[in-house]
Amino acid sequence: MRKHILIVIILFSLPIIGFGQYDLDYGLKLGASNYLGDIGGLDQSKRPFVLDMKMQETRWAVGAYARYRIRDPWSVEAQLSWIRISGADSLTTRYDPRRGRNLNFRNDIIQLNVMGEWTFFENPDLGNTYRYENAFSSYLCAGISVFYQDPSAYNPYRYSWNSQGQIQNGGGPLWVNLHPLETEGVRYHIIQPGIPIGAGFNFTIKKTYRIGMSITWTKTFTDYLDDISTQYPAANTWQKLGFSPQMQAEAAYFSNRTTAQSASEVGTDNYTPGSQRGDINNKDSFITTTVDVGYVIRGRSRFYQKHYSGLFSKNRFKVRRRRAKF
């Protein structure tokens, strides 16, 4: 009788022992990024969320991740990413207010995410092979992040300024760091918090490799990913801030670049001190879409840890996973 009970227990435990818990996986992420903010956008006034996203400004995102399964269906994941975002009013070809403003930027973001994951669907045995070698899962995730950001502007003529504040054609950098210039007379922080929210799916192959795709939207608490938020500052703003004549001239140029556009595009009285430069009511954000490739470290199931280590500690019975012959 005891022998038959033991056989029944073994038979019922086979799927659990076979699949176990894939407790840890780590790998690389590679994909695309998109910016949601004040610069560029579609050929009309600002629209909410992704409705104003300019696909021409899609850039790249690379990173690494490590994920640990705490307990079904919950996991925790850490990510470290390098993300580039950019925008340019010149791409808005049929909306004069944006095109006349003529601002542009790019921003290389270094981001650290820590997120909780909820696996809402899982198939531990794709193809019903009874070997539990290939699996599929899909999940939702959310968490917290901290990121470093430092926007810069494109300087195609490589303008530079001498100590008297006079402009010189040539000799300047191709990309100019905007944060020290305080182009709106506002000093903002380059290290910021965020809230990443996302979803994804992955395939586990041969219990060893994991390939998937994920999309993450990061809500931020800053409006200066693109160095634009409020209004055009007064001409004496940078003098009051104690800037040198050289920095005053440089800040004024990158604050208001409408002179680089034709008079018909600039219009009248739209870009003067005190007029709207950005939209303070909507914080900037960004989206990453990546392909994730990782390696799985296969852990032991709760059942294995609780029962197998005691009952089978001397390997009296070796459980072999075979497909039925009938």
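This text goes with the structure placed above it.
Residues numbered from 1 in each chain as written. Predicted model: local features only at pLDDT ≥ 70, side-chain atom pairs only at ≥ 80, totals over all residues. Heavy atoms only, no water.

## Details of empty space enclosed by the protein
The test is simple: Note on definitions: the grid is 1 Å and covers protein atoms alone; a cavity is a set of points where a 1.4 Å probe fits but cannot get out; a pocket is an open set with protein on both sides within 12 Å along at least five of seven lines; lining residues have an atom within 4 Å of a point. Grid points are joined across faces, edges and corners, and a volume is the space filled by probe spheres set on the points. Only runs of H or I of at least four residues qualify as helices and only runs of E of at least two qualify as strands under DSSP, and these elements are numbered from the N terminus. Gly is placed with the polar residues, together with every amino acid not listed as nonpolar (Ala, Val, Leu, Ile, Met, Phe, Trp, Tyr, Cys and Pro) or charged (Asp, Glu, Lys and Arg).
Taken as a whole and assessed by the stated rule, the structure comprises five cavities of 30 Å³ or more. Lining the largest cavity are 14 residues; nearest its centre among them are Arg67, Arg69, Ser75, Thr119 and Arg210. For the lining of the largest cavity, the elements supplying multiple residues, two or more each, are strand E1 (21-36), strand E2 (59-71), strand E4 (104-123) and strand E5 (135-148). Taken together, the residues that form the lining of the largest cavity break down as four nonpolar, four polar and six charged. Counted as a void, the second largest cavity has a volume near 80 Å³. As for the second largest cavity, its lining consists of 13 residues, of which Lys29, Gln79, Ser81, Thr288 and Thr290 are closest to the centre. Contributions of two or more residues to the lining of the second largest cavity are made by E2, strand E3 (74-88), E4, strand E11 (209-220) and strand E12 (285-299).

## Section: the pattern of salt bridges
Defined as follows: The term salt bridge refers to a pairing of a side-chain nitrogen on Lys or Arg with a carboxyl oxygen on Asp or Glu at a separation within 4 Å. Working definition: with a 1.4 Å probe on protein chains only, accessible area under 20% of the residue-type maximum means buried, over 50% means exposed, and in between means partly exposed.
Per the counting criterion, the structure on display carries 13 salt bridges. Across the pair Glu133 and Lys206 runs a salt bridge whose closest N-O atoms are separated by 3.8 Å. Here Glu133 is found in the loop between E4 and E5, whereas its partner Lys206 is found in the loop between strand E10 (191-205) and E11, with 73 residues between them in sequence. Residue Glu133 is classed as partly exposed on the basis of its relative accessible area of 25%. Classification of Lys206 as exposed rests on a relative accessible area of 53%. In this structure, a network of salt bridges that share partners links the residues Asp25, Arg67, Glu77, Glu117 and Arg210.

## So, the pairing of E4
Where we set the bar: A strand pair is defined by DSSP finding two or more bridges across the two strands.
As judged from the 15 bridges shared by E3 and E4, these two strands associate in the antiparallel manner. Considered in E4, the bridge of Trp74 is made with Trp118. Sheet analysis places E4 next to E5, joined by 13 bridges and oriented antiparallel. Bridge assignment links Leu112 to a residue of E5, and that residue is Val146.

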